[in-house]
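Architecture at a glance
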Amino acid sequence: MLLCIDCGNTNTVFSVWDGTRFLCTLRTSTEHQRTADQYFVWFAALMAHHKIPVEITECILSSTVPRVVFNLRVLCDRYFDCRPLVVGKPDCLLPRPPRVDQGTQVGPDRLVNTAGAHDRHGGDLIVVDFGTATTFDVVAHDGAYVGGVIAPGVNLSLEALHHAAAALPHVDVSKPQQVIGTNTVACMQSGVFWGYIGLVRGICDRIRGEYDRPMRVIGTGGLASLFSQGDVLFDGVEDDLTMHGLTVIHQYNKDQGVI
Ligand SMILES: Nc1ncnc2c1ncn2[C@@H]1O[C@H](COP(=O)(O)OP(=O)(O)O)[C@@H](O)[C@H]1O
Ligand SMILES: CC(C)(COP(=O)(O)O)[C@@H](O)C(=O)NCCC(=O)O
Ligand SMILES: [K+]
């Protein structure tokens, strides 16, 4: 079985792929101090809980946090007796290399989203990923990442408000009943919810204007479905897009004889 690991700045997600479907998806916070042994205790306990035997033979990982890669490599070596394919490293091939300024290190999560979205949809695409940052990845019809936009993440914006203003509490993002808030929490939720609706719509419109070809917009990340309730922003919402992209890149490297 293939273990797919998507390590973001906030959360690390493990998903087990049996060649046909994902058997389970497990989430833990991203902490660079976490050791290989700690990962394994957590993983094995949850696999036992889901009654899935731990029979990992291959691993692919993408990490936006370089420091966690070492311990995840040790995890694979020590407990699964395999060498992980690490997206963004030279020995991991991509179906299409990104077309960006020379020397630019594109976030591996964005390369993975690109591969996943192109495999599922083809054509020219915008992938909007609501993670720690809200990213927009422009995918050309040949499957190459050709650039995008990085905006502050939804929860990051709410946290920044709370930290910078003494009278503003910590609030969770949700869709407010009305735009005009009649209490502090409702005002903050409105600002963030409707603000991000405007941000996503505005950036997609401007990307379309600049790109000059019809594009479809795919939303992903835990908050995509919430924002799709506010306006018609996306042609599709796919929570498993990053995991799908990891299986696509893994298969591509197999087909090329790299692994
Ligand atoms: N379904 C959800 N509902 C509410 N908040 C969510 C949901 N999924 C993720 N989040 C929040 O969105 C932020 C980004 O999460 P995540 O997508 O895991 O980011 P990253 O990939 O950067 O680690 C985090 O603050 C997380 O708590
Ligand atoms: C933009 C990001 C911080 C998003 O990370 P995430 O929200 O998934 O944790 C990550 O893709 C990154 O570190 N990118 C490097 C710069 C770039 O993609 O151009
Ligand atoms: K992400």
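Residues numbered from 1 in each chain as written. Chains lettered and ligands numbered in written order. Predicted model: local features only at pLDDT ≥ 70, side-chain atom pairs only at ≥ 80, totals over all residues. Heavy atoms only, no water.

The test is simple: UniProt positions are given in the numbering used here, feature names are shortened, and annotations may be inferred rather than shown by experiment.
Naming follows an unreviewed UniProt entry, where the protein appears as Type III pantothenate kinase of Roseicyclus mahoneyensis. Per UniProt, the comment on the protein under Subunit (unreviewed entry) is "Homodimer."

1. Re the domain arrangement of the protein
Rule in force here: Residue ranges labeled as domains rest on an automatic or database domain assignment. Whether two residues are in contact is decided by their heavy atoms: any pair within 4.5 Å suffices. Buried area adds together the accessible area that both of two parts lose upon being put together, with accessible area traced by a 1.4 Å probe. In what follows, salt bridge is the name for a side-chain nitrogen of Lys or Arg lying within 4 Å of a carboxyl oxygen of Asp or Glu. For this analysis, a polar contact is any N or O atom pair within 3.5 Å, provided that within protein one partner can donate a hydrogen and the other can accept it, and provided that sequence-adjacent residues contribute only side-chain to side-chain pairs. Following the grouping adopted for this structure description, the nonpolar residues are Ala, Val, Leu, Ile, Met, Phe, Trp, Tyr, Cys and Pro, the charged ones are Asp, Glu, Lys and Arg, and the polar ones are all others, Gly among them.
Domain boundaries in the protein define domain 1 (2-86) and domain 2 (108-240). Inter-centroid distance (C-alpha atoms) of domain 1 to domain 2 is 26 Å. The interface is formed by 5 residues belonging to domain 1 together with 4 residues belonging to domain 2. The contact between domain 1 and domain 2 buries some 400 Å² in all, and 58% of this surface belongs to carbon and sulfur atoms. Three residues stand out in domain 1 for area buried against domain 2, namely Thr10, Ser62 and Thr64, and they jointly supply 61% of the buried area on that side. Across the domain 1-domain 2 interface, the total number found is 0 salt bridges. In this assembly, domain 1 and domain 2 are joined by 1 residue pair in polar contact (both at pLDDT 80 or more). Tallied by class, residues from the side of domain 1 that touches domain 2 come to no nonpolar, 5 polar and no charged.

2. Considerations on the sheet that holds strand β9 (residues 216-220)
The cut-off we apply is this: Between any two strands, pairing holds if DSSP finds at least two bridges. Numbering of helices and strands starts at the N terminus; helices are DSSP runs of H or I of at least 4 residues and strands are runs of E of at least 2. In this description, a line fitted to the C-alpha atoms serves as the axis of each element, helices being fitted only across the stretch in contact, and the angle between N-to-C directions of two axes falls anywhere from 0 to 180 degrees.
Read across the open sheet, the 5 strands follow the order β8-β7-β6-β9-β10; overall the sheet is mixed. Strands with a single pairing partner mark the edges of an open sheet, and in this sheet they are β8 (145-152) and β10 (236-237). Docked against the sheet, helix α3 (residues 108-121) engages β6 (125-130), β7 (133-139), β8 and β9, running at close to 50° with respect to β7.

3. Observations regarding the confidence of the model for the protein
For clarity, the threshold we go by: pLDDT gives the predictor's per-residue confidence on a scale running from 0 to 100.
Summing up the model confidence of the protein, the mean pLDDT is 97 and the portion of residues at 70 or higher is 100%. Scored as a whole, the predicted complex attains pTM 0.97, and scored at its interfaces, ipTM 0.95.

4. Points about the packing of helix α4 (residues 154-164) against helix α5 (residues 184-211)
The cut-off we apply is this: If you view the pair so one helix is near and one far, a crossing is left-handed when the near helix is turned anticlockwise from the far one by less than a right angle, and right-handed when it is turned clockwise.
Where α4 contacts α5, the two axes come as close as 11 Å, and the packing angle between them is 145°. By crossing handedness, the relation of α4 to α5 is classed as right-handed. Counted together, Val154, Ser157, Leu158 and Leu161 of α4 and Met188, Val192 and Tyr196 of α5 form the full contact between these two elements. For the contact of α4 with α5, the per-class residue count stands at 6 nonpolar, 1 polar and no charged.

5. Let's talk about the sheet that holds strand β1 (residues 2-7)
Strand order in the open sheet formed by 5 strands is β3-β2-β1-β4-β5, with mixed pairing between adjacent strands. In this open sheet, the two edge strands, each paired with only one partner strand, are β3 (22-29) and β5 (85-86). The pairing of β1 with strand β4 (residues 58-63) spans 6 bridges and is parallel. When the sheet's bridge partners are listed, Ile5 is paired in β4 with Leu61. Lying on the sheet, helix α1 (residues 36-49) is in contact with β1, β2 (11-17) and β3; it crosses β3 at an angle near 140°. Here helix α2 (residues 69-80) sits on the sheet in contact with β1, β2, β4 and β5, set at roughly 170° to β4.

6. Overview of the layout of surface pockets
Unoccupied space between atoms shows up once a probe the size of one water molecule is rolled over them. Cut-off, in case you're wondering: Both site types are read off a 1 Å grid over the protein atoms alone. A 1.4 Å probe that fits but cannot get out defines a cavity, while an open set with protein on both sides within 12 Å along at least five of seven lines defines a pocket; lining residues have an atom within 4 Å of a point. Grid points are joined across faces, edges and corners, and a volume is the space filled by probe spheres set on the points.
Approximately 840 Å³ is the volume found for the largest pocket. Asp6, Asp129, Phe130, Gly131 and Thr132 are, among the 35 residues lining the largest pocket, the residues nearest its centre. Every element with two or more residues in the lining of the largest pocket is listed here: β2, β3, α3, β6, β7, α4 and α7 (241-255). Across the lining of the largest pocket, the residue classes break down as 9 nonpolar, 19 polar and 7 charged.

7. A closer look at the UniProt feature "binding site: substrate" (unreviewed entry) in the protein
The feature "binding site: substrate" (unreviewed entry), as given by UniProt, occupies Gly107, Pro108, Asp109, Arg110 and Thr184 in the numbering adopted here. These annotated residues cover 78 residues of sequence, and their C-alpha atoms reach 37.8 Å apart at the extremes, leaving them scattered rather than at a single site. Put simply, the named residues that line the largest pocket are Gly107, Asp109 and Arg110. When neighbours within four sequence positions are excluded, Arg110 is seen to be in contact with Thr135, Phe136, Asp137, Tyr145, Gly148, Val149 and Ile150. For Thr184, the position within the fold is in helix α5. Among residues more than four places away in sequence, those in contact with Thr184 are Ala167, Leu168 and Pro169.

8. Looking at the site of ligand 1
The condition that has to hold: If a single non-hydrogen atom of a residue is within 4 Å of a molecule or strand, that residue counts as near it.
Around ligand 1, the neighbouring residues are Gly8, Asn9, Thr10, Asn11, Arg27, Phe130, Gly131, Thr132, Asn155, Gly222 and Leu223. At a separation of 3.5 Å, an oxygen atom of ligand 1 approaches a polar backbone atom of Asn9. A distance of 2.9 Å is found between an oxygen atom of ligand 1 and a backbone nitrogen or oxygen belonging to Thr10. Its residues placed into classes, the shell around ligand 1 shows 2 nonpolar, 8 polar and 1 charged.

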